[in-house]
Amino acid sequence: MKIKVDMDKCTGCGTCKEACPKGYKIWKINNKAKASNLEYCHVCTICASKCPEQAIHIIRDDKDEKENSE
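Along each chain, residue indices are assigned from 1 in the same order as the chain's sequence is written. Residues qualify for local features only when their pLDDT is at least 70, as the model is predicted, and side-chain atom pairs are given and counted only at 80 or more; totals for whole chains, interfaces and linings, by contrast, use all residues. By convention in this description, side-chain values take in all heavy atoms of the structure and omit both hydrogens and water.

J.: Honestly, the overall build of the chain in this entry has me stumped. Any pointers?
T.: The helix and strand tally for the chain stands at four helices and four strands. Starting at the N terminus and ending at the C terminus, the chain contains elements arranged as β-α-α-β-β-α-β-α. The classification of residues rests on relative accessible area computed with a 1.4 Å probe and restricted to protein chains. Under 20% of the type maximum is buried, over 50% is exposed, and intermediate values are partly exposed. Within the chain, buried positions represent 24% of all 70 residues. Residues are treated as being in contact if the distance between any of their heavy atoms lies within 4.5 Å. The long-range share in the chain, meaning contacts at least 24 apart out of those at least 6 apart in sequence, stands at 48%. Methods summary: accessible areas were calculated by the Shrake-Rupley approach with a probe of 1.4 Å, and residue burial reflects only the protein chains presented. Carbon and sulfur atoms form 45% of the exposed surface of the chain, whose accessible area is close to 5,000 Å². Per the convention used, a helix needs a DSSP run of H or I reaching at least four residues, while a strand needs a run of E reaching at least two, with both numbered from the N terminus.

Printed below as a string of structure tokens:
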């Protein structure tokens, strides 16, 4: 799983960090948003749904998810 931020769209507003249940552990906001420490991510997709610029995309790697569930 990856969280991709479109740097051309991101304004660094911090909505993703505020909306995320683990925002203080996952999101770093400078001029742009950056997701790190994804081991804390619950893949709830709240960050992507709340982003006013639609700059956040959740990428799930189905192959890895299937392998980990077996």
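J.: Any chance you could explain the confidence of the model for the chain here in plain terms?
T.: Close inspection of predicted coordinates is inappropriate for parts of the model with low pLDDT. Across the chain, the average pLDDT comes to 90, with 87% of residues at 70 or higher. Averaged over each element, pLDDT in the chain is lowest for helix H4 (residues 62-69) (53) and highest for helix H1 (residues 15-19) (98). Per residue, pLDDT captures the predictor's confidence, and it can take any value from 0 to 100.

J.: Honestly, the nonpolar core in this entry has me stumped. Any pointers?
T.: The nonpolar side chains of a soluble globular protein tend to be buried with one another. Residues Ile3, Cys16, Ile26, Trp27 and Ile56 are the most contacted members of the largest nonpolar core, which totals 14 residues. Discounting chain neighbours no more than four positions away, the residues touching Ile26 are Cys20, Lys34, Ala35, Ser36, Asn37, Leu38, Tyr40 and Cys41. Buried Ala, Val, Leu, Ile, Met, Phe, Trp, Tyr and Cys residues form a nonpolar core when they are joined through side-chain atoms within 4.5 Å.

J.: Looking at this structure, I do not really get the pairing of strand S1 (residues 2-5). What am I missing?
T.: Within a regular strand, side chains alternate between the sheet's two faces. In S1, alternate side chains face the same way, and those of Ile3 and Val5 are buried while those of Lys2 and Lys4 on the opposite face are not. When DSSP finds two or more bridges between a pair of strands, those strands are recorded as paired. For S1 and strand S4 (residues 56-59), the ladder comprises four bridges, and the chain directions are antiparallel. Opposite Val5, over in S4, you have Ile56 as the bridge partner.

J.: Help me understand the environment of Val5 in this model?
T.: Within the secondary structure, Val5 sits in strand S1. Looking at Val5, the relative accessible area reads 13%, which means it is buried. For the pair formed by Val5 and Lys32, sequence separation is 27 residues and the distance between their alpha carbons is 8.7 Å. Dropping the residues within four chain positions of it, Val5 is found in contact with Cys10, Trp27, Ala33, Ala55 and Ile56.

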